[in-house]
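The residues making up each chain are set out below.
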Amino acid sequence: MKASIIWFIIIAKHVKDISSTACCEDGWISYNSHCYLIGQEERTFMAAHHFYDQQAAYLVRIDDYWENKFLKDLLRNLEVSDTWTGLSDQRSEGIWRWFNTYNHASMSDWGPGEPNNLGNEDCVGFYTEKNYHWNDFKCNRKLRPLCEKL
Ligand SMILES: [Ca+2]
Ligand SMILES: [Ca+2]
Ligand SMILES: [Ca+2]
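Residues numbered from 1 in each chain as written. Chains lettered and ligands numbered in written order. Predicted model: local features only at pLDDT ≥ 70, side-chain atom pairs only at ≥ 80, totals over all residues.

We now examine the overall build of the protein chain. Within the protein chain, the regular secondary structure consists of three helices and eight strands. Counting from the amino terminus, helix and strand elements in the protein chain follow one another as α-β-β-α-β-α-β-β-β-β-β. Counting the 150 residues in the protein chain, one finds 27% classified as buried. When contacts within the protein chain are restricted to residue pairs at least 6 apart in sequence, those whose partners lie at least 24 apart make up 58%. (Helix = DSSP H or I, 4+ residues; strand = E, 2+ residues; numbered from the N terminus. Buried ≥ 20, exposed ≤ 12 C-beta atoms within 10 Å, placed from the backbone. Contact = placed C-beta atoms within 7 Å.)

This is the structure in structure tokens:
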């Protein structure tokens, strides 16, 4: 009984290692069979979207607490400046959707007092000033893009 549990753990770990490393190109970081990249160059939200769209990637769509935690920990550890996610309320103020899929956000991680739409802020990023919680920024701000692909 005990031996079979240990075997299961060994196999499960092995399978996880393969699946988490197999898909990602150099420079991309794997998590839960998706690949992530922190873009070097600061771009506006739309410019970031277009740039990564050409690489079959998209600004991150954060599906749950754990994906959000993985990304925040990553940014914090690397001390990365503010980064774009793919979340926006450009189409309808206060209605937060993932760009291109238009799916509603299923979770949120707003910083204190956010989103405040200050001067019409419609695009969401991880905000260093608020310990990497989410903030709505003006979409024409230039931030580093945080991208995801399958
Ligand atoms: Ca995702
Ligand atoms: Ca807004
Ligand atoms: Ca804001």
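So, about the pairing of strand β8 (residues 144–149). For β8, the tally of buried residues reaches five of six residues, placing the bulk of the element in the interior. Two elements, strand β2 (residues 34–38) and β8, share four bridges in a ladder whose sense is antiparallel. Within β8, the residue paired with isoleucine 38 across the bridge is leucine 146. As paired elements, strand β3 (residues 58–59) and β8 share two bridges and run antiparallel to each other. Bridging across to β8, leucine 59 finds its partner in cysteine 147. (Pairing = 2+ DSSP bridges.)

Once that is clear, we can look at the confidence of the model for the protein chain. A residue-level look at the protein chain finds 85% of positions with pLDDT of 70 or above and a mean pLDDT of 89. The model gives residues 14–21 a pLDDT under 50, and that stretch makes four contacts with residues more than four places away or in other chains. (pLDDT = per-residue confidence, 0-100.)

This next bit is on the nonpolar core. Ranked by internal contacts, the top residues of the largest apolar core, which has 25 residues, are Tyr52, Leu59, Val60, Trp84, Cys123, Leu146 and Cys147. At the level of elements, α2 (45–53), β3, β4 (83–88), β6 (123–127), β7 (133–137) and β8 are the ones that each hand at least two residues to this core. Broken down by element, this core gets its largest block of residues, four residues, from β6. Contact partners of cysteine 123, with chain neighbours within four places excluded, come to Phe45, Trp84, Ser88, Asp136, Phe137 and Cys139. (Core = buried A, V, L, I, M, F, W, Y, C linked by C-beta atoms within 7 Å.)

On to the pairing of β7, then. With respect to burial, β7 is a largely interior element, four of its five residues being buried. Connecting β6 to the antiparallel partner β7 that follows it, the hairpin turn spans five residues, and asparagine 131 within it adopts a positive phi of roughly 55°.

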